[in-house]
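# Results of the structural survey
These are the residues of each chain, in order.
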Amino acid sequence: MSRAKRIMKEMQAVKDDPEAHITLEFVSESDIHHLKGSFLGPPGTPYENGTFIVDIEVPMEYPFKPPKMKFDTKVYHPNVSSVTGAICLDILKNAWSPVITLKSALISLQALLQSPEPNDPQDAEVAQHYLKDRESFNKTAALWTQLYAGGDAAAANNGADPDEADLYGISQELVQEFESQGFQKDRIIEVLRRLGIKSLSPDDNDTVNRVIEELLE
Amino acid sequence: MTQMKSKTTPITSDYIDDPNYEKVHNPIFDSENISSFTLTEITDHKTDSGVLSQDSEFEIEDFAYSDDEFVYDDEENNETYDSMLSQPIKQITKKEMSEGSVPNLNYEVLTTQNIFKNMLSRLDHLQPVFNIPREDILLLMQHYDWNEERLLENWTERMDELLVEIGVSQKTSAVATSLEKKAENPDISGVKTKRGIAFKQSFECIICCEDKDTQTFSLECGHEYCIDCYRHYIENKLHNGNVITCMDCSLALKNIDIDTVMGHDSSKKLMASSIKSFIQKHNKNYKWCPYADCKCIIHLKDTSSLAEYTRLHFSPFVKCDAEHRFCFNCGFETHAPADCNVTNAWVKKAKKESENLNWVMSHTKECPKCGVNIEKDGGCNHMKCSSCKYEFCWICEGDWAPHGKSFYQCTLYTNDEKSKKKESEDLSKIMKKYTFYYRVFNEHEISAKLDWKLGQTIGSKVRALQEKMDVSWIEGQFLTDSIKILNEAVEDLSELLQIKDPEQIMKNKLEFYNKSGYVENRMYALMECGRDLLCKGICKPTD
Ligand SMILES: [Zn+2]
Ligand SMILES: [Zn+2]
Ligand SMILES: [Zn+2]
Ligand SMILES: [Zn+2]
Ligand SMILES: [Zn+2]
Ligand SMILES: [Zn+2]
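Residues numbered from 1 in each chain as written. Chains lettered and ligands numbered in written order. Predicted model: local features only at pLDDT ≥ 70, side-chain atom pairs only at ≥ 80, totals over all residues. Heavy atoms only, no water.

How we decide: UniProt positions are given in the numbering used here, feature names are shortened, and annotations may be inferred rather than shown by experiment.
Under an unreviewed UniProt entry, chain B has the name RBR-type E3 ubiquitin transferase and belongs to Maudiozyma exigua. Listed in UniProt under the heading Catalytic activity (unreviewed entry), the comment for chain B reads: "[E2 ubiquitin-conjugating enzyme]-S-ubiquitinyl-L-cysteine + [acceptor protein]-L-lysine = [E2 ubiquitin-conjugating enzyme]-L-cysteine + [acceptor protein]-N(6)-ubiquitinyl-L-lysine."

Under an unreviewed UniProt entry, chain A has the name Ubiquitin-conjugating enzyme E2 1 and belongs to Maudiozyma exigua. Per UniProt, chain A has the following entry under Sequence similarities (unreviewed entry): "Belongs to the ubiquitin-conjugating enzyme family."

So this is what it looks like as structure tokens:
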């Protein structure tokens, strides 16, 4: 029963430190192994002002085995799956130690948002974007933060559906160019995502042809 | 037919077909399968007799070669047998043949304990170089996956760093690693504690958060936790073979610490898992015996001869201490006369084809009336059950009558009938052929396993006989040896069959004759022995 005592103590430690802006709550009072945690996006990053909610499953062998954590909030980040929220972080796997707490793990996630590790990616498409065009990546990540993590501009956006191309950092001109050739917009975005192409220089005919080939498949 | 039989019957001893069989047939026992009941009787397992008797083998012969459905005429057989093995067998050139046969494999049979002992003796060797305690060298070797060269290289380059990195010694200024930990245990840094177990009253353990009178454990770093938590922690780490460190810093636990905390020699477990990962990393030279529960490891020091084996289409068969034979190259059980590529191709095909069962599902249907399996043989959807003559539509499985005049088209079915039919016929042919070979293969595999089991059972039964009954030691030993020798001779013979060059086969004609003659003699000798036991009334035939 040491697990229950430890979790209760960890909850208290989080409450005692409101400065950290971290929360930790049970999903239901009757189940101590399922929690939700949250933290603020690190300032000076595209995640600034976002609140990121993390689903936490505490295993039977906790704290000798790591908790299972994944983002509930959609995050655009090389080490987080943009679809499932799965996280690639060593301390949640083999580098786990019983001295690490749920709070320190959440702080590590915050640090991960601060400094991505694109060479050990969870989401290859996002990691490519990050490595190829940092500026465009930052824009997309900030857009996701606004849309999904309740960032500043969320209110300004009025809940309108975001443009699919913007959502994946694909240049509008590029999409329009293929649209003018008679292809469907969602099909174009799907192919460009699959090929990892966000923008193109106008004289790169090889790549244009490859995209068209895929579109004609 | 006979041609195919010689190709596909590598191991089984189908001596019943042998005209000489009559000569050794004992007239007293009017049984078609004397060997079967002899063996059954010796094993004396009534319930097992069905499995252990040779009966099953006769049945195999029956269905494999005389079931009309599975017989191929010779013409088709010749052509399809070659295309069956998708990897073409490279012809061996004359020059290659004249270069002689494959070199002997020089290997040793080991266990993880053996390997660990070898490592320890290496360690004694290295001690003068390192000039640190043995236990510490062990940590270094464990960390470097027992790779001496890499360790020595790093050791000469940056001795002190290495000792800190691997956790043999502490950083000179012991500082807690993260801010957070410092906040939780503000008084840890800088404190030097004694390594080992202590007893503390009202100790608050930060891992389990209990406050209790308890034994604790800590290394020099002073990261102290209750003994229960430490045990739990170590228990969870024993199986991956890595160096176990303090929960909060990189200081390493030595084997003696592990045993102190766990109260018994758990460090052995850790060492065994470390050796296992060593084997994993050196799997070119070390191979686990693939037999279930066998703990033998084959160590081949010089793997250069393996290329020669591959080139000449031989397979490097090895034998562990438990007499399991397997191929060092591919890890499958001995597969002579097929070489590794052919074996792999076959295994892959078998895997793929089992997925093709889906094909069978989509090309056969049960008759909606009587349930007999019917295969659709082309585009026509007007089906007629061969068993009950019920006529129905393939697509909707309904009675044919309402479909009326549109014999080839259900309202739903619009495809190019001609190409469909051709494709379907081809597939069905391939499937039939595959099924045929698969069944032959499967049954041979089963009978080989049964043979082995039979050998084992006979061995133990003979021992029992020797103890209980009036069978002389020599007689009993003879029976055991005979079976072993027979098995080995059969293996040798099938290894001879690995030779693929027709010319070479002719050259080796005499050897073939000698070997097969030898196998035959052993077989008769064995049957004589069994018959002897029957005559003396030591064993009795059963129904
Ligand atoms: Zn404890
Ligand atoms: Zn420590
Ligand atoms: Zn073995
Ligand atoms: Zn092989
Ligand atoms: Zn029928
Ligand atoms: Zn129909």
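From this point on, the discussion continues.
## Topic: the overall build of chain A
As a reminder of what qualifies: Note on conventions: DSSP H or I runs of at least 4 residues are helices, E runs of at least 2 residues are strands, and numbering of each starts at the N terminus. Relative accessibility thresholds used throughout: buried, under 20% of the residue-type maximum; exposed, over 50%; partly exposed, between the two (1.4 Å probe, protein chains only). In this description, contact between two residues means that some pair of their heavy atoms is separated by no more than 4.5 Å. Accessible areas in this description were obtained via Shrake-Rupley with a 1.4 Å probe; residue shielding takes into account the shown protein chains only.
Scanning chain A for helices and strands turns up 9 helices and 4 strands. Ordered by position from N to C terminus, the α and β elements of chain A give α-β-β-β-β-α-α-α-α-α-α-α-α. Counting over 217 residues, chain A shows a buried share of 47%. Within chain A, counting contacts between residues at least 6 apart in sequence, those at least 24 apart form 53% of the total. Element-wise, carbon and sulfur atoms account for 49% of the exposed surface of chain A, whose accessible area totals about 11100 Å².

## Concerning unusual backbone geometry
Here the amide bond leading from A:Tyr62 into A:Pro63 is cis, since omega sits at 5°, within 30 degrees of zero. With respect to the helices and strands, the residue A:Pro63 is situated in the loop between strand E3 (51–57) and strand E4 (68–71). Here B:Asp293, not a glycine, exhibits a phi torsion of approximately 65°, which is positive. Within the secondary structure, B:Asp293 is located in the loop between strand E5 (286–288) and strand E6 (297–300).

## Description of the pairing of strand E2 (residues 31–40) of chain A
Residue and element names in this part refer to chain A. Stated precisely, the cut-off is as follows: We treat two strands as partners when DSSP finds at least two bridges between them.
Here strand E1 (residues 23–28) pairs with E2 via 5 bridges, running antiparallel. For Glu25, the partnering residue across the bridge sits in E2 and is Lys36. Linking E1 back to E2 in an antiparallel pair, the connection comprises 2 residues. Strand direction decides the pairing type here: E2 and E3, joined by 7 bridges, are antiparallel. Residue pairing across strands places Ser38 opposite Ile53, the latter belonging to E3.

## Quick look at the sheet that holds E2(A)
Residues and elements named next belong to chain A. Quick note on the threshold: An axis is simply a line fitted to the C-alpha atoms; with a helix, the fit covers only the stretch in contact. Between two such axes, the angle follows the N-to-C directions and lies from 0 to 180 degrees.
With respect to topology, 4 strands assemble into an open sheet ordered E1-E2-E3-E4, the strand pairing being antiparallel. Looking at strand neighbours, the two that pair on one side only are E1 and E4, the edges of this open sheet. Averaged over all pairs of adjacent strands, the angle between strand axes in this sheet comes to 30°, irrespective of strand direction. Relative to E2, helix H2 (residues 102–114) is tilted by about 35°, and along the sheet it contacts E1, E2, E3 and E4.

## Points about the environment of B:Asn285
All names here are of chain B. As a reminder, the rule being used: Think of a polar contact as two N or O atoms within 3.5 Å of one another; within protein, one of them needs to be a possible hydrogen donor and the other a possible acceptor, and neighboring residues in sequence only count if both atoms come from side chains.
With respect to the helices, strands and loops of the structure, Asn285 is situated in the loop between helix H15 (267–281) and E5. Residues Asn285 and Ile297, 12 residues apart in the sequence, show an inter-C-alpha distance of 9.9 Å. Not counting chain neighbours up to four residues away, the residues in contact with Asn285 comprise Ile298, His299, Leu300, Lys301, Thr303 and Phe328. Among the polar contacts listed, one links the side chain of Asn285 to the backbone oxygen of Lys301, at a separation of 3.1 Å.

## Re the coordination of the zinc ion (ligand 1)
Residue and element names in this part refer to chain B. Note the threshold: Here a donor is any nitrogen, oxygen or sulfur atom (N, O, S) within 2.8 Å of the metal, with 3.2 Å used for Na, K and Ca; water is not among the atoms considered, so some sites may look incomplete. Site shape is set this way: if four donors have all angles between 85 and 135 degrees, tetrahedral; if opposite donors are over 155 degrees apart and all others between 65 and 115, square planar for four donors and octahedral for six; otherwise irregular.
For the zinc ion (ligand 1), the full set of protein donor atoms is Cys205 (SG), Cys208 (SG), Cys226 (SG) and Cys229 (SG), and the range of their distances to it is 2.3 to 2.4 Å. What the 4 donor atoms of the zinc ion (ligand 1) show is an angle range of 102 to 119° at the metal, which sorts the shape as tetrahedral. Read in sequence order, the donor residues coordinating the zinc ion (ligand 1) give the pattern C-x2-C-x17-C-x2-C. Highlighted residues: Cys208 in the loop between strand E2 (196–204) and strand E3 (211–218) and Cys229 in helix H13 (residues 227–237), separated in sequence by 21 residues. Cys229 carries the same exposure label as Cys208, and that label is buried.

## Observations concerning the sheet that holds E5(B)
Residue and element names in this part refer to chain B. Read from one edge of the open sheet, 3 strands run E1-E6-E5, paired in antiparallel fashion. Of all strands in the sheet, those with a lone pairing partner are strand E1 (107–110) and E5, marking the two edges. Across the sheet, the mean angle from the axis of one strand to that of its neighbour is 25°, orientation sign disregarded. Of the pairings in the sheet, the one linking E1 to E6 comprises 4 bridges and is antiparallel in character. Each bridged residue has a counterpart across the sheet, and for Leu110 the counterpart in E6 is Ile297. Set on the sheet, helix H8 (residues 112–130) makes contact with E1, E5 and E6; between it and E1 the angle comes to about 105°.

## Considering the UniProt feature "active site" (unreviewed entry) in chain A
Residue and element names in this part refer to chain A. The residues that UniProt annotates with the feature "active site" (unreviewed entry) are Cys88. Take Cys88: it is sitting in the loop between E4 and H2. Once you skip the residues sitting within four places of it in the chain, Cys88 turns out to touch Asn79, Lys93, Leu112, Asp120 and Gln122.

## Things to note about the interface of chain B and chain A
One widely used convention gives an interface's size as the accessible area the parts lose upon coming together. As a reminder, the rule being used: The term buried area means the drop in 1.4 Å probe accessible area that two parts suffer when joined, counted for both and summed. Take a side-chain nitrogen of Lys or Arg and a carboxyl oxygen of Asp or Glu: if they are within 4 Å of each other, that pair is a salt bridge.
With 17 residues of chain B in contact, the opposing surface of chain A contributes 14 residues. With both chains or domains summed, chain B and chain A bury close to 1400 Å², and 61% of this area falls on carbon and sulfur atoms. The tally of links from chain B across to chain A stands at 2 salt bridges. A salt bridge links B:Glu210 to A:Lys5, with the shortest nitrogen-to-oxygen separation between them at 3.2 Å. Inspection of the region where chain B meets chain A yields 5 residue pairs in polar contact (both at pLDDT 80 or more).

## Some words on the pattern of salt bridges
Think of it this way: side chains of opposite charge can pair up when their charged atoms draw near. This model, assessed by the stated rule, comprises 28 salt bridges over all chains. Close ionic contact of A:Lys9 with B:Glu204 constitutes a salt bridge, the shortest N to O distance being 3.4 Å. Residue A:Lys9 is located in helix H1 (residues 2–15), and its partner B:Glu204 is located in strand E2; the two belong to separate chains. According to the relative accessible area criterion, B:Glu204 is partly exposed, its value standing at 46%. For B:Arg195, the salt bridge is made with B:Glu220, and the minimal N-O distance between the two is 3.0 Å. Within this pair, whereas B:Arg195 is found in the loop between helix H12 (179–184) and E2, its partner B:Glu220 is found in the loop between E3 and strand E4 (225–226), the two being separated by 25 residues in sequence. What makes B:Glu220 partly exposed here is its relative accessible area of 24%. Overlapping salt bridges, with partners in common, bring together A:Lys36, A:Asp55, A:Lys70 and A:Asp72 in one network.

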